[in-house]
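Each chain, letter by letter, is given below.
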Amino acid sequence: MNEMRGRVKEHFPGVLLTLLGIVQALALGRFWSYLSETDRLFEVSGDAFISWLKILATFAGIVLVWVVYANNVMRFRWVPAISDSLYPFLVGLIEFMLIGALGPDKTGLWLVLMALTFAVMSWVSHSTMRRARQDDDNDAFFRSRKQAELRDFFPQIASVCALAAGGIYLLASRGGELVTMIALLATNALLAWQFYAASQFWNRSVNADAQQGSRS
């Protein structure tokens, strides 16, 4: 193996997770500032309930970004492109905008930004998997798996389109409290499903390694 190529593959995971950790820490700091400075969150009202649904989903989204990145970095080895080092900055920028849209009158914008978060993370994950498939170090995982096709991404595409459509509807019509609550409950359910899918992917990956080791 080319010495430079091997060095990059060895050190990139640590660099990536360190960079992402810094970005996530800044996002969580801004997130906490919003929580501590917004008194209306502790009122008994529909606006407060809507705000807490957005807060819960925003926190889950930030954690999900970390889970997806950490799973990929711990599971695969690949030769990164420059874009791999830029993605954490893009994700961090979207997270900051998402936190900035937590206000009660910005739910439409918040949903559009959440759709953008899903779209970017799906692209990052696909890009990582595509590069990992090209590396022989990951043959144990990819040997028995077909290359992804467009139809494999239909759930992600549907999620992004649904979130974006809901956000655009609320931006255009200003919606009602009930519609807003339904949209936010659906978003939280979607994030819970994403966590479940990530855990299933991790379990399949680890079990695949265990089975491979038992055969050798």
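See the structure above.
Treat the numbers as computed from the prediction; the structure is a model and nothing was measured.

K.L.:
How should the overall build of the chain be read in this particular structure?
P.N.:
Along the chain, the regular secondary structure elements total seven helices and zero strands. Put simply, the chain runs from its N terminus to its C terminus through helices and strands in the order α-α-α-α-α-α-α. Seen through its principal axes, the chain has C-alpha atoms that stretch 60 × 35 × 30 Å. Here the chain, with 216 residues, has 39% of them falling under the buried criterion. Within the chain, counting contacts between residues at least 6 apart in sequence, those at least 24 apart form 81% of the total. Of the roughly 12100 Å² of accessible surface on the chain, a fraction of 64% belongs to carbon and sulfur atoms. Each charge class in the chain was averaged separately, 19 positive and 17 negative side chains, and the resulting centres sit 8 Å apart.

K.L.:
Is there a simple way to explain the side chain of Ser51 in this structure?
P.N.:
If you trace the backbone, Ser51 turns up in helix H2 (residues 46-75). Within the structure, Ser51 has its side chain in polar contact with the side chain of Arg40 (distance 2.7 Å). Each residue touching Ser51, except ones within four places of it in the same chain, is listed here: Arg40 and Leu41.

K.L.:
In this structure, what is going on with the layout of surface pockets? I would like to understand it.
P.N.:
Each pocket or cavity is described by its volume, and for the largest pocket that value is around 1100 Å³. Looking at the lining of the largest pocket, the elements with two or more residues in it are H2, helix H4 (107-133), helix H5 (139-142), helix H6 (154-173) and helix H7 (177-215). Examining the composition of the lining of the largest pocket, we find that 10 residues originate from one element, H4, more than from any other. For the lining of the largest pocket, the per-class residue count stands at 19 nonpolar, 12 polar and six charged. The calculated volume of the second largest pocket comes to roughly 280 Å³.

K.L.:
Please clarify how the pattern of salt bridges should be interpreted in this entry.
P.N.:
Side chains that carry opposite charge are capable of pairing whenever their charged atoms lie near each other. Taken as a whole and assessed by the stated rule, the structure comprises four salt bridges. For Lys9, the salt bridge goes to Asp137, with nearest N and O atoms at 2.8 Å. Placement of the pair is Lys9 in helix H1 (residues 3-37) and Asp137 in the loop between H4 and H5, with a sequence separation of 128 residues. For Asp137, a relative accessible area of 42% gives the class partly exposed. A salt bridge links Arg77 to Asp137; the nearest nitrogen and oxygen atoms lie 2.9 Å apart. With Arg77 in the loop between H2 and helix H3 (82-100) and Asp137 in the loop between H4 and H5, the pair connects residues that are 60 residues apart, well separated along the chain. One connected set of salt bridges, linked through shared partners, spans Lys9, Arg77, Asp135 and Asp137.

K.L.:
For this particular structure, what's the right way to read the environment of Phe96?
P.N.:
Mapped onto the secondary structure, Phe96 falls in helix H3. Sequence-wise, Phe96 and His11 are 85 residues apart; in three dimensions their C-alpha atoms are separated by 28 Å. Not counting the four nearest positions on each side in its chain, Phe96 is found in contact with Val23, Leu26, Ala27 and Arg30.

K.L.:
Looking at this model, I keep getting lost on a nonpolar patch on the surface. Mind explaining?
P.N.:
Residues Ile22, Leu26 and Phe96 make up a contiguous nonpolar surface patch of roughly 270 Å² in combined accessible area. Classification of Ile22 as partly exposed rests on a relative accessible area of 48%.

What counts and what doesn't
- Residues numbered from 1 in each chain as written.
- Predicted model: local features only at pLDDT ≥ 70, side-chain atom pairs only at ≥ 80, totals over all residues.
- Heavy atoms only, no water.
- Helix = DSSP H or I, 4+ residues; strand = E, 2+ residues; numbered from the N terminus.
- Buried < 20%, exposed > 50% of the residue type's maximum accessible area, 1.4 Å probe, protein only.
- Contact = heavy atoms within 4.5 Å.
- Areas by Shrake-Rupley, 256 points an atom, 1.4 Å probe, with all protein chains shown as cover.
- Lys, Arg positive; Asp, Glu negative; His and termini not counted.
- Charge placed at Lys NZ, Arg CZ, Asp CG, Glu CD.
- Polar contact = N/O pair within 3.5 Å; in protein donor to acceptor, adjacent residues only side chain to side chain.
- 1 Å grid on protein atoms, 1.4 Å probe; cavity = no way out; pocket = protein on both sides within 12 Å on 5 of 7 lines; lining within 4 Å.
- Points joined across faces, edges and corners; volume = space filled by probe spheres on them.
- Nonpolar A, V, L, I, M, F, W, Y, C, P; charged D, E, K, R; others polar.
- Salt bridge = Lys/Arg side-chain N within 4 Å of Asp/Glu carboxyl O.
- Patch = residues over 30% accessible without salt bridge, like charges linked within 9 Å, V, L, I, M, F, W, Y side chains within 5 Å.

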